[in-house]
Structures are given as C-alpha cells and as structure tokens.
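Fold and contact review
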Amino acid sequence: MKKLFMALLVILPLISFGQTKKITLKEAITTAQKQSPDYKINLNRNQSSFWRYRNYKARFLPQLRLDATLPEYSNSIKRQTNDNGQDVFVSQNQLFLSGRVSVSQNIPYTGGTLSLYSNLEKVDLYGDENFTNYSVIPFSIRYNQNSLFYNQFKWDKKIEPLIFEESKRDFIESMEQISINTCRRYFSLLKAQMQLKIAEQNLSNQDTLYQISKGRFKMGKIAENELLQMELSLLNSKNNVTTNTIDLKRTSQNIARYLELESENIELAIPSDLALFEVNTEKALKEAQANRKAVIEFRRKRLQAENEVARAKGNNRLQMSLVANLGISQNGDDFNNLFNNYNKQQFVSLNLGIPIFDWGVSKSERRMAEANLDLTKNNISQDEQAFEQEIYLHVLNWSSKRDFLVTAEKAMEIAGKSYEITKKRYVLGKVTITDLNISQENKDQAFVRYLNSLEGFWVDYYILRQLTLYDFINDKKIEVEDILYN
C-alpha cells in the first residue's frame, strides 16, 4: 500500500501537468482584460454610457417626423352642440385621413423647442349626400417653452458631458481593477503550486528521515518516542500533500474560469522584479486629480445639486410658459383650390401661474433643494480629503513593499539553508527531532511569507495604477488604447 501511494505521488503530478499551459502574470492580465466576465460587464456598462451620450447629443439636432392617420372610420351616434348651444344626438358616418410632416429643433440657449410642420387632412361624409372636405396647412412655425425661468437644456449641456467623461475614466479604472483581481487569482494559484511542491518535497524528506530513524531505533540509538514523532511528521506531511492538492485544484479552476481558458492545467511563472522607479507623492496626487473619475464625479454631483435648486426656484415661484405660432392654412371641398388665397394662422399664448397660498409647499421644496446642495458640498469636501489621504497613504505603503520583498526573500534563503544544515545534523545524530521540526516549520513559514510579500508587492503596484491612472514605469497617462491594444 505504501509503495502504491508513493508511486501515485510521482505519477499524478506528471499526469496533471502533462498538458499544462504556461502563463505569466502579464499574459494573465492581458487575457483577463479581453475575455473575463468582469471585462464583459465593464464593456456593457461603458456602451450604455456611450449611447446615453449619443442620445444627449442627438436631442440638439433637428428631428424629422412623419405622423399619419390611415384611416379613421366612424359610423355611430354622437352628441354634439348645435349653433343654439343645445346638445343633440346626430348620426355620424365618416372617413378621416390625415398626414403631417414636421421638423423640430431644441434651442439650448432658451430652453424651448422650435418646430416647422405641414399638415393635410381629408374628411369624407357618407349619407343622403356624400361630401368631402379638405384642410391644409402648407407652412407653420411654432415655438414652445414650458418655463421662462428654468432651462433644462442649459444644465444638460453642463452635466451630460461630465457623465460621459466619468464613464470613460470609470472604464479605465475598472480595467485596472481587473488587473488587481487577476493578480490575486494568479498568486493564489502560484502559492498553491509552490506549496504543493514544498509539501511533496517535505514528504520525500520525511520518508527518508523516517527510514533512517527506524534503522537508528533498531540499533538503539534513539528512543521509541522520537521514532513515533518522526512517523507523526510523515503522516502530517501526507496530509499536507492531500490538502495542497485540493487547494491547487480549487485555485486552478478559479483562474481558468475567470480567464475563460479551456484547460485548468496551468503552470505559472514567478513574476520578475519590476523596473526601478520612484513614486513621488505630489506627482501621484497630481496625476490622480487629473485622471481619476472621482474628480469628475465631484463636479457632476455639485452641478446636479445646483440643477435641483434652479429647478425648484424656476418652477415654484412665478410660472410662465410661452407658445407662439405663425403660419398659413386653407380648407374647402375642392382640392385644387386649397393652395390659393391662404388664410393666416397666427397665435401667441403667454401663460402665467402665481402661487398665492400653498401651505409652504413651494418654499419647502426650494429649501430642501438648497439643503441638499449644502449637504452635497460637505460630502464632496470630505470625499476630496479622503481621496487625497488614500493617495498619500498608498504611496507610502508602496515605497515600503519593495523593502519588505527583499527582506522576505533573504529570510526565505536563510531559512532554507538552516533547514538543510539541521537535516544533515539530525542524520548525524547531533540534533533532536524537535529541532528538525522547528527548522522545517521556519522554512515553510519563511516561504509563505515570501509569497505573500510578493503578492502584496504586485497587487499594490496595480492598485497604485488604479488610484492614479498613471503608468509610472513608462511615465505616461494610462489610456484605453494602452489597455485594449497592448
């Protein structure tokens, strides 16, 4: 049974990694930024923002529209008011046709809508005597404005471009978040692979030492208790191999699904050190303020709150709306004469609304909008401070990570050498099994600390990129093209 177990330990890794896909951290990030689920979600969200902005731009372009009634037939009894002011019931049997072509244009400077339209109608009456009547409006210009004191278009021209710019920066930040997520998954698998190798190596070492200990026990050089401790260490090593094998399977599935790879057999390379570069706090803060979506978001939130105040003031005091029309029309029963001797079609309507007593509704809505504006400004002020503090603290944290990594790597080397020396001394009988176990534990812990330090180093690097949207290695702003076409 024991020989079979040892044979499986040798064969299974060869089978599992027989068709492995080798991948580096940079390759994993590039793949994730082109086909991961997070990328697809980010792309869909960005497309939605793009079409919202296109919709906003299109609203200020001329709109051509055709409306038609083809046809409307009625054969019923209806109530009508005659010339004497009396309501009578009459039989109505008619066919109605109409068509209108219109061009409208929103005017951003005034907040109104200017439209030009042509209209043609035809009514066919059926009964004792058939009768046909026509009505035509060849040309009519109309201007309509719902409020003279609040211009929604003016605020849209301030806010919508900010929303679009915010979405573009959010796309880049989300792509950098994909780098962070990929980096964490990458190191989870890398640590699992390395820990499994260490566990297998420890198992091989423990088995060798156990065989040596059995021989020494037969010769009476060690006590039975020491032999039992060595056997216990061997059993623990077998358990560690099993546990790490399961963890390797879990983490390999995790990153393979995230990258949408066909195979879960992935072999990762330990990332090489980054190029040396310095991160100045003032430089990082300057780039963050120029590139991050949060800066645009602060402006957008302030403008939206100011918009609500303007809306409350414009709609809750004196209300005025304007409708003006200028055109010509004609009607009659002869279609050929419709386009002669036009009648004027002109009207102007200025409507006023003055709240006299509304139990404080208008005042309360205005005060709520003003209070919300003050609250928004206070929140933005706090967010700006937190924004600057986050940049400052992370730059300090980043500066220490390289030193931590160098220290952890050196500690791992020392712990490995110490274990090899202790193992040789144990074989010679100069140290106890307790000393050997402590040395092995120190070696394994130093290795884990090194991997954790390496992960923290790279994750913090990509977080720094996300916080500033700046590539400090190449000394340039991160653009969408740099991510999608790298």
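Being a predicted model, the structure only gives us computed values, none of them experimental.

Here is what the cut-offs are and how they apply
Residues numbered from 1 in each chain as written. Predicted model: local features only at pLDDT ≥ 70, side-chain atom pairs only at ≥ 80, totals over all residues. Heavy atoms only, no water. Core = buried A, V, L, I, M, F, W, Y, C linked by side-chain atoms within 4.5 Å. Buried < 20%, exposed > 50% of the residue type's maximum accessible area, 1.4 Å probe, protein only. Helix = DSSP H or I, 4+ residues; strand = E, 2+ residues; numbered from the N terminus. Contact = heavy atoms within 4.5 Å. Patch = residues over 30% accessible without salt bridge, like charges linked within 9 Å, V, L, I, M, F, W, Y side chains within 5 Å. Areas by Shrake-Rupley, 256 points an atom, 1.4 Å probe, with all protein chains shown as cover. Salt bridge = Lys/Arg side-chain N within 4 Å of Asp/Glu carboxyl O. Axes fitted to C-alpha atoms, helices over the stretch in contact; angles between N-to-C directions. Parallel < 35°, antiparallel > 145°, perpendicular 65-115°, else oblique. Left-handed = near helix turned anticlockwise from the far one by under 90°. Nonpolar A, V, L, I, M, F, W, Y, C, P; charged D, E, K, R; others polar. Pairing = 2+ DSSP bridges. pLDDT = per-residue confidence, 0-100. Arc of directions from axis to C-beta. Polar contact = N/O pair within 3.5 Å; in protein donor to acceptor, adjacent residues only side chain to side chain. Phe/Tyr/Trp six-rings, centres within 6.5 Å; stacked < 30°, edge-to-face > 60°.

With 68 residues, the main nonpolar core has Tyr186 and Trp458 as its most contacted residues. Only α2 (25-35), α4 (152-218), α5 (224-259), β6 (266-268), α6 (281-291), α7 (293-315), α8 (361-427) and α9 (433-468) provide two or more residues apiece to this core. With 16 residues, the top contributor of residues to this core is α4. In this structure Trp458 touches Leu25, Cys183, Phe187, Pro271, Ser272 and Leu274, once residues within four positions along its chain are discounted.

Glancing now at a nonpolar patch on the surface. Together, Leu64, Leu66, Val101, Val103, Leu114, Leu116, Phe139, Ile141 and Leu326 give the surface a local cluster of nonpolar side chains, amounting to about 800 Å² of exposed area. Those elements that place two or more of their residues in the nonpolar patch are β2 (63-81), β3 (87-107), β4 (112-125) and β5 (131-145). As for its placement among the helices and strands, Val103 is situated in strand β3. The partly exposed category is assigned to Val103, whose relative accessible area is 34%.

Turning our eyes to something else, we now look at the pattern of salt bridges. In the structure shown here, the tally under the stated rule is 22 salt bridges. A salt bridge links Arg300 to Glu166, with the shortest nitrogen-to-oxygen separation between them at 2.9 Å. In this pair, Arg300 sits in helix α7 while Glu166 sits in helix α4, placing the two residues 134 residues apart along the sequence. Arg292 serves as the salt-bridge partner of Glu173, at 3.2 Å between the closest nitrogen and oxygen. Here Glu173, found in helix α4, pairs with Arg292, found in the loop between α6 and α7; they are 119 residues apart in sequence, far enough to count as distant. For the pair Glu173 and Arg292, one class covers both residues: buried.

Where α2 meets α4, the closest approach of the two axes is 9 Å, and the angle between their N-to-C directions is 130 degrees. Relative to α4, the element α2 lies oblique. Between α2 and α4 lies a crossing of right-handed hand. The residues of α4 that touch α2, namely those facing Leu25, Ala28, Ile29, Ala32 and Gln33, are Met175, Ile178, Ser179, Thr182, Cys183, Tyr186 and Phe187. Classifying every residue of the contact of α2 with α4 by side-chain character gives nine nonpolar, three polar and no charged.

Moving on: the sheet that holds strand β8 (residues 343-353). Taken in spatial order, the six strands line up as β2-β3-β4-β5-β7-β8 in an open sheet, and their pairing is antiparallel. Here the strands that pair on one side only, and so sit at the sheet edges, are β2 and β8. Direction aside, the axes of adjacent strands within the sheet are offset by 20 degrees on average.

Relative to the assigned elements, Asp333 resides in the loop between β7 (319-332) and β8. For Asp333, a relative accessible area of 53% gives the class exposed. Sequence-wise, Asp333 and Asn372 are 39 residues apart; in three dimensions their C-alpha atoms are separated by 61 Å. Once residues within four sequence positions are removed from consideration, Asp333 is found in contact with Phe131, Thr132, Asn133 and Tyr134.

Do not read the predicted coordinates in detail wherever pLDDT is low. In this model, the protein carries a mean pLDDT of 84, and residues with pLDDT of at least 70 account for 94%. Confidence drops under a pLDDT of 50 for residues 1-18, and excluding neighbours within four residues, the segment shows twelve contacts in the predicted structure.

Turning to α6, a few remarks are in order. Buried within α6 are the following residues: Ala284, Glu287, Ala288 and Asn291. Projected down its long axis, α6 carries its buried residues within an arc of 100 degrees, all on one side. Counted as exposed and oriented over 90 degrees from the buried face of α6: Glu282 and Lys286. Against α4, α7, α8, α9, β9 (470-471) and β10 (476-477) lie the buried residues of α6. Of the residues that open α6, the one with a side-chain oxygen 2.9 Å from the backbone nitrogen of Glu282 is Asn280.

To continue, consider the packing of aromatic side chains. Inspection of every chain in the model, using the stated rule, returns 15 aromatic pairs. A ring pair is formed by Phe50 and Phe164, whose centres lie 6.5 Å apart and whose planes are at 50 degrees; its orientation type is tilted. Linking Phe50 in helix α3 (residues 37-58) with Phe164 in helix α4, this pair joins segments that are 114 residues apart in sequence. Note on Phe50: relative accessible area 33%, which makes it partly exposed. Among the residues examined, Phe164 registers a relative accessible area of 17% and is labelled buried. Ring plane angle 85 degrees and centroid distance 6.5 Å describe the contact between Phe298 and Phe387, whose orientation is recorded as edge-to-face. Within this pair, whereas Phe298 is found in helix α7, its partner Phe387 is found in helix α8, the two being separated by 89 residues in sequence. The exposure classification of Phe298 matches that of Phe387, with both residues buried.

Position of Gln440 relative to the elements: it lies in helix α9. Polar contacts involving the side chain of Gln440 include one to the side chain of Gln206, which spans 2.5 Å. Once you skip the residues sitting within four places of it in the chain, Gln440 turns out to touch Asn202, Gln206 and Tyr419.

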